[in-house]
Amino acid sequence: MIKIGAVVLLVLAACSKPSEPVKPAEPVATEAPSAPAAAPAVQSEKEKALTNPYPNDLGPDRLSDAVLASYDPERRKGYDLLLVRCAQCHTSARPLNSRFDDSDTWNRYVKRMMNKPGCAITKAEGKAIWQFLSYDSDKRKKGANADAWKALRAKLVAEFKEKHPKRYEELKAASDL
């Protein structure tokens, strides 16, 4: 097959005008590359997140050093992954200040995010992020910290209502505040 292709090129070269160089045939793509398609998909998800804000987005986008110092290395690894991976599509404030506070809900949401177009979170990374979010919810949103957490959420929702009244009403109607 290669010999026939070389002969065809030689014949074409001999028959072509001297001023026209012979160009080799363009390779035929057998499958579309997946990496370039991911960037526009991630950008689309980021645009959706920015145009559809939540009260969570108004809160802090990082945990304090004091809080992080009390978390074990595995949880901090999940936190670091969240800051990089999740922030590709929305602010890190969104999950950190979410109203969600139980492991099952976080498991479902992390899996949902992993299935979004362009998401590059691996299963191992998703598990680490889920474990962090579950642990963090137990530590910052429950027990001795429950009242402080409720006060922060109330502040975020009130600020959100003032800044984004139309979106606030949408979320309220959907019981998603």
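So, how was this worked out
- Residues numbered from 1 in each chain as written.
- Predicted model: local features only at pLDDT ≥ 70, side-chain atom pairs only at ≥ 80, totals over all residues.
- Heavy atoms only, no water.
- Helix = DSSP H or I, 4+ residues; strand = E, 2+ residues; numbered from the N terminus.
- Buried < 20%, exposed > 50% of the residue type's maximum accessible area, 1.4 Å probe, protein only.
- Areas by Shrake-Rupley, 256 points an atom, 1.4 Å probe, with all protein chains shown as cover.
- Phe/Tyr/Trp six-rings, centres within 6.5 Å; stacked < 30°, edge-to-face > 60°.
- Lys NZ or Arg CZ within 6 Å of the ring centre and 35° of its normal.
- Arc of directions from axis to C-beta.
- Contact = heavy atoms within 4.5 Å.
- Core = buried A, V, L, I, M, F, W, Y, C linked by side-chain atoms within 4.5 Å.
- Salt bridge = Lys/Arg side-chain N within 4 Å of Asp/Glu carboxyl O.
- Disulfide = S-S within 2.5 Å.
- pLDDT = per-residue confidence, 0-100.

## A short note on the overall build of the chain
Helix and strand counts for the chain stand at 9 helices and 0 strands. Order of helices (α) and strands (β) in the chain, N terminus to C terminus: α-α-α-α-α-α-α-α-α. Sorting the 177 residues of the chain into buried and exposed places 31% on the buried side. Counting every atom, the chain has about 11,700 Å² of accessible surface; 59% of that belongs to carbon and sulfur.

## Remarks on the packing of aromatic side chains
For the structure on display, the rule yields 5 aromatic pairs. Taken together through their ring pairs, the aromatic side chains of Tyr-71, Tyr-79, Phe-132 and Tyr-135 make up a single cluster. Directly above the ring of Tyr-109 sits Arg-112, whose terminal nitrogen or CZ lies 4.6 Å from the centroid.

## Details of unusual backbone geometry
We note that Ser-175 has phi near 50 degrees; this positive angle belongs to a residue other than glycine. By the secondary structure assignment, Ser-175 is in the segment after helix H9 (165-173). A relative accessible area of 62% means that Ser-175 is categorised as exposed.

## Section: H9
Along H9, the residues that are buried comprise Arg-167, Tyr-168 and Leu-171. Projection of H9 onto a plane perpendicular to its axis shows the buried side chains occupying an angular sector of 105 degrees, all on one side. Away from its buried face, by an angle of more than 90 degrees, H9 presents the exposed residues Lys-166 and Ala-173. If you follow the buried residues of H9, they end up packed against helix H8 (146-163). Just downstream of H9, Ser-175 is the residue with a positive phi angle, here 50 degrees.

## Side note on the nonpolar core
Ranked by size, the top nonpolar core spans 18 residues in total, and within it Leu-63, Tyr-79, Leu-82, Leu-96, Ile-129, Phe-132 and Leu-133 carry the most contacts. Contributing elements (two or more residues each) for this core: helix H4 (73-85), helix H6 (103-114) and helix H7 (123-141). Leave out the neighbours within four places in its chain, and Ile-129 touches Gly-78, Leu-81, Leu-82, Arg-85, Cys-86, Val-110 and Ile-121.

## Structural notes on the pattern of salt bridges
Going through the model one piece at a time under the given rule, you end up with 11 salt bridges. Arg-94 is the salt-bridge partner of Asp-57, the closest N and O atoms lying 2.7 Å from each other. Linking Asp-57 in the loop between helix H2 (35-51) and helix H3 (65-69) with Arg-94 in helix H5 (residues 93-96), this pair joins segments that are 37 residues apart in sequence. Put simply, Arg-167 and Glu-170 hold a salt bridge, and the shortest N to O gap is 3.3 Å. With Arg-167 and Glu-170 both in helix H9 and 3 residues apart, the pair spans about one turn of that helix. When its relative accessible area of 40% is taken as the criterion, Glu-170 is described as partly exposed. Because the salt bridges share partners, they merge into one network encompassing Glu-45, Lys-48 and Lys-116.

## Brief notes about the state of the cysteines
Scanning all chains against the criterion turns up 0 disulfides. Here Cys-89 is not cross-linked by a disulfide; its sulfur's nearest cysteine counterpart is in Cys-119, at 6.2 Å. For Cys-89, a relative accessible area of 14% puts it in the buried group.

## Some points on the confidence of the model for the chain
Per-residue pLDDT for the chain has a mean of 83; in total, 77% of the residues score no lower than 70. This model gives residues 1-36 a pLDDT under 50, and the stretch forms 4 contacts once residues within four places in sequence are excluded.

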